[in-house]
Amino acid sequence: MLLSTASAPAPKHLFAVYAPDRSAPGALERRLAVRERHLAGVDGLLARGLMKFGGALLAPGLVDAQGRKSMVGSVMFYEAETLEEVRAAVEADAYWTGDVWDKDKLVILPFVPAMHWPAA
């Protein structure tokens, strides 16, 4: 009988990320200025299977002078081996490096779905 020397892959866990936008003037303009770079990065995270899904949080009923809905942050769900892996992905995001998200208010928590997890 042959024994395998390969170790089993580390288990992956789900993480919820709440990243509120900074409330300083110009927040929406900063978000829009780096949005394409942010979305390109998200595409890579989705392709790797690290990010499962996410999106913008909107302020109910708030619309700016150009008719745009007021975005107040982001919520995302990741699947990773460690919280540190998720934090590294968040801190590499264009919304983090572009000062869109409020770095002092970022929340990353392990997440256990109460119902069937949606297929990607």
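Refer to the preceding data block for the structure.
These figures come from a predicted structure and were not determined experimentally.

What follows deals with the side chain of Ser-74. Residue position: Ser-74 is located in strand S3 (residues 69-80). Within the local environment of Ser-74, its side chain forms a polar contact with the side chain of Trp-101, the two groups lying 3.1 Å apart. With residues up to four places along the chain from it excluded, the contact list for Ser-74 reads Val-17, Tyr-18, Ala-19, Arg-31, Gly-55, Ala-56, Leu-57, Tyr-95 and Trp-101.

Turning to the side chain of Asp-93, a few remarks are in order. With respect to the helices and strands, Asp-93 occurs in the loop between helix H2 (83-92) and helix H3 (94-97). Although Asp-93 lies buried, it forms no salt bridge, and the closest oppositely charged side chain, Arg-37, sits 7.7 Å away as judged by the N-O distance. Here the side chain of Asp-93 touches Tyr-95 through a polar contact of 2.7 Å, landing on its backbone nitrogen. With residues near it in sequence (within four places) discarded, Asp-93 still touches His-38, Val-42 and Trp-101.

As a further point, take the environment of Glu-36. The residue Glu-36 is located in helix H1 (residues 27-48) in this model. For Glu-36, a relative accessible area of 60% corresponds to the exposed category. Taking C-alpha positions, Glu-36 is 8.9 Å from Ala-94, a pair spaced 58 residues apart along the chain.

Here is what the cut-offs are and how they apply
- Residues numbered from 1 in each chain as written.
- Predicted model: local features only at pLDDT ≥ 70, side-chain atom pairs only at ≥ 80, totals over all residues.
- Heavy atoms only, no water.
- Helix = DSSP H or I, 4+ residues; strand = E, 2+ residues; numbered from the N terminus.
- Polar contact = N/O pair within 3.5 Å; in protein donor to acceptor, adjacent residues only side chain to side chain.
- Contact = heavy atoms within 4.5 Å.
- Buried < 20%, exposed > 50% of the residue type's maximum accessible area, 1.4 Å probe, protein only.
- Lys, Arg positive; Asp, Glu negative; His and termini not counted.
- Salt bridge = Lys/Arg side-chain N within 4 Å of Asp/Glu carboxyl O.

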